[in-house]
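So you can see what is in the structure, the chains are spelled out below.
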Amino acid sequence: MISYNFDYKVASSMEEAFSMLAEAGDDASFIAGGHSVVPAMKLRLSEPSTLIDISKVPGMSDISQDGDTVTIGGLVTHAEVASSDVVNNACPGLAECAGVIGDPQVRNKGTMGGNVAHADPGSDYPGALVAFGATICLASASGSREVSAEDYFTGLFETAKEDDEMVTAVKVPASSASAYAKFPNPASRYAVVGVGVSLNMNGGSCESASVGVTGAADHAYRASGSESALAGSDLGDDALDAAASAAADGQDMMSDLAASADYRAHLCGVMLKRAVAAAKARA
Amino acid sequence: MGKLVGQPIKRVEDNRFIKGEGKYTDDFNMPNQTFAVYVRSPHAHAKINSVDTSAAEAMDGVVKVFTGQDIADAGLAGSICGWQVDFKNGDTMKEPPHPIMVADKVRHVGDPVAMVIAEDKYTARDAAELVNVDYDVLGAIVDPKAAVEDGAAQVHDDVPNNTIYDWELGDSAATDAAFENAHHVTSLSYHNQKLVPNAIEPRAALAHYDANEDKYTLYSTSQNPHLARLVIGAFVLAIPEHKLRVISPDVGGGFGSKIFVYNDECGCLWASKQIGRPVKWTADRSEAFITDCHGRDHVTDAQMAFDADGNITGLRTKTYASMGAYLSNFSTCVPTYLHGTLMQGLYTTPAVHVDVTAVVTNTVPVDAYRGAGRPEATYSIERLMDTAAREMGMDPTELRRKNFIPAFDGVEQPGYQTQVALQYDSGDYETNMDKALQVADYESLKATRDKAKSEGRLVGIGFSTFIEACGIAPSAVVGSLGARVGLYDAASIRVHPTGKVTIHSGAHAHGQGHETTFAQVVADAFGIGMDDVNVIHGDTENVPFGMGTYGSRSLAVCGSAIMKSVDKVKEKGARIAAHKLECSPDDLEFANGAWTVKGTDKSVGFGDVALTAYVPHDYPADEEPGLDFASFYDPANFVYPFGTHICVVEVDKDTGEVDVTKYVAVDDCGNVINPMIVDGQVHGGVAQGIGQALYEGAVYDDDGQLLNGSMLDYTMPRADNFPMFETDKTETPCPHNPLGVKGIGEAGTIASTPAVVNAVMDALSDYGVKDLQMPLTPERVWSAMNSNGNA
Ligand SMILES: Cc1cc2nc3c(=O)[nH]c(=O)nc-3n(C[C@H](O)[C@H](O)[C@H](O)COP(=O)(O)OP(=O)(O)OC[C@H]3O[C@@H](n4cnc5c(N)ncnc54)[C@H](O)[C@@H]3O)c2cc1C
């Protein structure tokens with residue numbers, strides 16, 4: 001497991017990271033936690049000419065809350081999200097999601113920005129971020145912009161992010177009735193299917209729901225059919241069944257050694273029900 | 001039980017392992033060493049048109065590139081098969097050549113075609129990609145049963161229908177008659193799937209040819225350095241024994257996969273002489289997946305016949321066993337003498353017939369993997385038992401109770417002769433099962449299961465009462481069955497002048513804890529402390545010619561050699577003590593570290609005697625100085641550990657996931673030297689067996705590509721897949737070896753796989769699922785549950 005040769009540079013500021021990237025050219029890549037980029041390099045599936053280490057860039061390592069919005073810096077690790085009081089209170093579904101990523105080593109090194117930038121179809125965060133209506137904050141040498149999570153994830157390892165952009169943070173609206181349920185790949189422990197659910201409850205009835213699904217298709221998507229089935233219901237069996245059977249609607253299910261397309265579609269429904277039950281219990 | 005024997009002494013070797021200070025092959029370096037990388041076939045079956053090494057050779061830092069043609073030009077044969085199993089009609093087994101690197105055609109993904117040697121490993125790796133091999137891709141054969149069919153791709157030109165041999169054991173006519181008269185017949189068909197061993201340390205070699213001494217040294221990840229020296233010296237490279245030293249330092253797990261003498265390591269030795277520099281090679285994980293010998297890969301039909309009372313009247317199996325693309329050292333004996341001979345299990349089955357066809361396929365070679373043949377046999381028997389009990393409406397424990405061989409100790413009562421060639425040494429199977437039922441509290445388990453089922457939850461209980469043959473093996477017996485080696489072991493005991501002791505062990509430790517158990521045995525025998533004993537293993541120039549560690553043999557065979565040396569030390573020690581005490585050796589007894597004149601308080605200590613042996617001033621006239629003895633031990637029989645494993649699972653109705661909620665293992669491995677180490681062996685073995693039942697399995701496509709050749713896709717079991725294992729034991733001593741021990745290294749793996757699958761089938765008993773193929777992945781379980789109109 002020996003990678004191709006590469007250069008390694010450490011950026012001490014965002015500006016320096018951008019200029020290093022511009023200087024190093026097309027084949028350069030940022031490295032944050034290294035838990036997606038290094039495995040691919042070891043297998044010689046990717047060969048960056050230069051790795052620009054952004055893990056020392058200041059200003060991207062905090063979790064903060066401003067009113068109803070939680071901001072998670074691009075360098076915040078999965079373990080930090082999972083154990084953050086702010087996140088657990090404001091958006092327990094997101095903390096739950098971070099807590100089931102990989103294993104402790106992965107969670108201690110892997111970062112929010114890296115996960116979102118890499119956009120592995122089996123990544124957990126995308127399902128949660130789409131469900132919870134998050135915004136991805138991007139910056140480049142020429143300025144910054146924000147993209148909704150739903151618009152951000154566009155395909156297999158493809159996002160709305162330009163190559164010269166950095167994920168500086170994600171903003172997540174508070175949602176106490178939120179949850180994330182995952183069916184892990186038994187080997188890699190990535191999501192075969194992961195479903196994030198956020199409920200807007202009024203007493204026993206669900207005024208609106210938002211549902212994000214990861215792992216099932218080539219990128220995370222919002223299951224709007226499921227959302228409509230839940231909205232206005234009392235989350236009884238009929239509504240849950242309808243929501244579950246709509247969870248894969250209109251999506252091209254992936255098929256691999258861990259799950260065929262049919263089984264994946266079925267799992268979308270099962271995980272949806274589990275996430276709804278957990279979210280409801282938090283309402 | 002002695003002061004140390006029988007105690008859960010902490011493993012002395014763990015001090016260095018836990019601190020990360022073990023020294024493995026890759027940790028050794030030599031001045032001026034080079035680094036090798038093999039260029040391996042990306043195709044399962046392809047003709048090689050040409051190999052262009054020019055770009056690689058032109059790269060800075062590349063020392064030399066060798067190809068399969070260089071090996072052919074050197075006239076080197078390659079590794080050998082160590083066990084001849086002939087066809088039923090007497091025709092000789094087919095033995096296709098297995099060259100160190102191939103020149104004509106590749107036969108599995110990973111087959112080496114060239115070797116790049118460079119100044120550093122990074123250059124070697126980069127240069128390997130520049131070797132340009134032009135292939136004509138051929139159709140591949142993967143399925144062991146389809147391999148014999150006309151029209152299947154032919155792996156080797158001179159192996160028609162890919163058939164290496166066909167073989168049978170037992171009385172076919174009597175067995176068929178039993179089936180004709182049967183009241184009930186239970187049948188199963190299954191693929192005991194191909195497993196990747198995945199030892200944590202990949203294979204490695206550091207090879208050096210010293211021209212001044214005309215001598216080779218090989219550091220290597222071997223479970224048996226003397227066997228490696230024998231095979232490499234006598235067969236692969238024709239090096240006289242005294243000119244080849246094999247050192248097997250700390251080895252990070254083998255599970256069988258490091259028994260074998262691989263061509264890769266031999267290639268390094270050969271290359272070292274060609275370039276006049278040491279050559280180091282360390283496999284990476286991806287390479288391990290496609291070059292370490294895999295395990296299992298049996299396609300089997302198995303049937304059991306019963307009379308109206310539930311007595312087994314016959315058992316027959318037909319197996320197609322894949323050898324992979326080439327015959328690895330012991331590949332041929334695994335589906336035959338390690339499999340067919342175990343088919344009686346621990347039942348009185350009066351008629352047994354086993355039929356095996358061994359085939360080559362375009363897959364990684366298959367050889368012994370923890371249990372080797374015995375897990376496959378146990379899987380057949382024990383799956384049939386639980387299935388039959390369900391079909392006949394009997395409790396699985398009652399069905400077993402009816403059919404157990406009655407207790408025999410092998411001393412008062414003779415050993416038990418089976419229908420399939422073995423004579424069991426001693427056993428008390430019913431007592432063992434009863435103990436397990438008590439430990440598991442079977443009655444309340446059943447109540448819990450039934451209550452869960454009434455609530456719509458899917459809980460199941462599975463059994464496996466198993467026996468294995470280990471302590472491999474009486475040389476004359478295995479020789480008569482086709483083995484090309486003896487299977488004795490050897491050990492010497494060197495008592496130093498101050499009474500400290502070094503054991504030189506022929507068995508090699510790579511996880512088994514020999515440095516602890518062997519020391520416990522010897523320290524107790526001499527009445528000294530653990531700290532006074534040291535164990536040396538793994539170097540052909542430092543230890544006697546032992547055959548190594550596999551087949552749960554180290555304690556039973558090498559431990560017996562140790563005891564023979566202990567006896568020799570004690571006999572000579574007694575003569576020296578008698579001289580000092582001015583009496584006859586017959587007047588002495590040895591206890592608590594001293595020889596004492598019986599009935600007196602006159603005694604002389606072990607250390608005194610040792611010192612006298614090395615400073616022989618006042619010494620018996622006709623006695624040699626020194627206290628140092630080597631012994632060889634060739635076992636009289638195999639040893640036959642047995643046990644009862646009980647598994648409880650809950651199946652998730654919605655996803656098909658199987659959760660192992662309780663696991664009870666009551667093993668009988670004869671006398672126990674260190675219960676903690678025995679527990680550890682059982683834990684690891686059970687984990688591996690559950691791995692096969694639920695998670696593992698090499699998946700090939702029709703082109704022979706291994707689809708799950710990485711840890712991202714190949715599911716290894718992990719700690720969080722398991723409950724706390726509950727272990728207990730019965731102790732039925734082995735009657736024919738000095739320690740009364742039977743071996744425990746493989747028991748957990750052998751027992752657990754069918755117990756888990758049986759438990760899942762019990763959980764699904766209301767779903768009309770006939771059977772499930774391993775691994776029982778969530779999707780397979782869920783699909784089966786939902787394919788019989790049982791959604
Ligand atoms: C064994 C294992 C198991 C895993 N299991 C899971 C799992 O269950 N669920 C899951 O979601 N993930 C899993 N992962 C992936 C893990 O979450 C990664 O840490 C994460 O996807 C990438 O984050 P990183 O900080 O490690 O990124 P890196 O590996 O450093 O970088 C990944 C990519 O993102 C780019 N990048 C990094 N940071 C930024 C940034 N701030 N802005 C722009 N680009 C950036 C890099 O250039 C690179 O292309 C697993 C990884 C491993 C090794």
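From a predicted model like this one, the values you see are computed outputs, not experimental measurements.

Visitor: Could you clarify how one ought to interpret the pattern of salt bridges in this entry?
Guide: As a working rule, side chains carrying opposite charge can pair if their charged atoms are close by. Residue and element names in this part refer to chain B. Throughout the structure, instances matching the rule amount to 55 salt bridges over all chains. Where Arg-203 meets Glu-265, a salt bridge forms, and the shortest distance between an N and an O atom there is 2.9 Å. In this pair, Arg-203 sits in the loop between β8 (184–195) and β9 (204–210) while Glu-265 sits in helix α7 (residues 263–275), placing the two residues 62 residues apart along the sequence. Since its relative accessible area comes to 1%, Arg-203 is described here as buried. According to the relative accessible area criterion, Glu-265 is buried, its value standing at 4%. The partner of Asp-386 in a salt bridge is Arg-400, and the shortest N-O contact between them spans 2.7 Å. You can see Asp-386 sitting in helix α9 (residues 374–392) and its partner Arg-400 sitting in helix α10 (residues 396–403), a full 14 residues away along the chain. This pair shows no difference in class: Asp-386 is buried, exactly as Arg-400 is.

Visitor: Could you clarify how one ought to interpret the domain arrangement of chain B in this entry?
Guide: How big an interface is tends to be reported as the loss of accessible area on association of its parts. Residue and element names in this part refer to chain B. Annotation of chain B at the domain level lists domain 1 (17–138 + 201–252 + 258–291), domain 2 (295–472 + 637–785) and domain 3 (488–633). Here the C-alpha centre of domain 3 lies 39 Å away from the C-alpha centre of domain 2. Contacts between the two partners involve 20 residues from domain 2, matched on the other side by 17 residues from domain 3. Here domain 2 and domain 3 share an interface that buries about 1,300 Å² over both sides, 64% of which is from carbon and sulfur atoms. When the buried area of domain 2 at its contact with domain 3 is split by residue, Ile-472, Ile-673 and Leu-739 rank highest and sum to 37% of it. Summed over the shared surface of domain 2 and domain 3, the number is 0 salt bridges. Taken together, the links from domain 2 to domain 3 amount to 9 residue pairs in polar contact (both at pLDDT 80 or more). Among the residues making up the side of domain 2 that touches domain 3, the classes are represented as 9 nonpolar, 7 polar and 4 charged.

Visitor: Looking at this structure, I do not really get the site of the ligand. What am I missing?
Guide: Residues and elements named next belong to chain A. Taken together, 31 residues sit near the ligand, with Phe-30, Ala-32, Gly-34, Thr-111 and Asp-124 positioned nearest. One nitrogen or oxygen atom from the main chain of Ala-32 is found 2.7 Å from an oxygen atom belonging to the ligand. Within the backbone of Gly-102, a nitrogen or oxygen atom sits 2.8 Å from an oxygen atom of the ligand. Taken by itself the ligand offers 960 Å² of open surface, and the protein chains cover 90% of this. For the shell around the ligand, the secondary-structure elements that each account for two or more residues are β2 (29–31), α7 (112–118) and β10 (166–173). Here the shell around the ligand takes 5 residues from α7, the largest share from any one element. Within the shell around the ligand, the residues separate by chemical class into 11 nonpolar, 15 polar and 5 charged. Looking at which domains feed residues into the shell around the ligand, each of domain 1 (7–53) and domain 2 (60–283) gives three or more.

Visitor: Is there a simple way to think about the domain arrangement of chain A in this case?
Guide: Residues and elements named next belong to chain A. Looking at chain A, the domain boundaries give domain 1 (7–53) and domain 2 (60–283). The distance between the C-alpha centroids of domain 1 and domain 2 comes to 26 Å. Contacts between the two partners involve 9 residues from domain 1, matched on the other side by 17 residues from domain 2. The junction of domain 1 with domain 2 conceals about 930 Å² of combined surface from both sides, 79% of it contributed by carbon and sulfur atoms. When residues of domain 1 are sorted by the area they lose upon contact with domain 2, Met-14, Phe-18 and His-35 head the list and together hold 51% of the total. Summed over the shared surface of domain 1 and domain 2, the result is 0 salt bridges. Taken together, the connections running from domain 1 to domain 2 amount to 0 residue pairs in polar contact (both at pLDDT 80 or more). Looking at the side of domain 1 that touches domain 2 element by element, the count peaks at 4 residues for helix α1 (residues 14–24). Of the residues in the side of domain 1 that touches domain 2, the class split is 6 nonpolar, 3 polar and no charged.

What counts as what
- Numbering of residues begins from 1 in every chain and follows the order in which that chain's sequence is written.
- Chains and ligands are labelled by the order in which they are written, letters from A for the one and numbers from 1 for the other.
- Only residues with pLDDT of at least 70 get local features here, since the model is predicted, and only at 80 or more are side-chain atom pairs given and counted; chain-wide, interface and lining totals rely on the full set of residues.
- Values reported for side chains reflect all heavy atoms of the structure, with hydrogen atoms and water molecules removed beforehand.
- The salt bridge definition used is simple: a Lys or Arg side-chain nitrogen within 4 Å of an Asp or Glu carboxyl oxygen.
- For helices the rule is a DSSP run of H or I covering at least 4 residues; for strands it is a run of E covering at least 2, with both sets numbered from the N terminus onward.
- Burial classification: accessible surface area is computed with a 1.4 Å probe over protein chains only, and a residue below 20% of its type maximum counts as buried, one above 50% as exposed, and the rest as partly exposed.
- Start and end points for every domain follow an automatic or database-based domain assignment.
- Note on contacts: a residue pair qualifies if any of its non-hydrogen atoms lie within 4.5 Å across the two residues.
- Buried area, as used here, totals the accessible surface that two parts lose on assembly, with accessibility defined by a 1.4 Å probe and the loss added over both.
- As used in this structure description, the phrase polar contact means that two N or O atoms lie within 3.5 Å; if the pair is within protein, one of them must be able to donate a hydrogen and the other to accept it, and residues adjacent in sequence are counted only when both atoms belong to side chains.
- In the scheme used here, Gly and all other residues not listed as nonpolar or charged are polar, with Ala, Val, Leu, Ile, Met, Phe, Trp, Tyr, Cys and Pro taken as nonpolar and Asp, Glu, Lys and Arg as charged.
- Residues are counted as near a molecule or strand when any one of their heavy atoms sits within 4 Å of it.
- Residue burial considers only the protein chains on display, and all accessible areas are found by Shrake-Rupley using a 1.4 Å probe.

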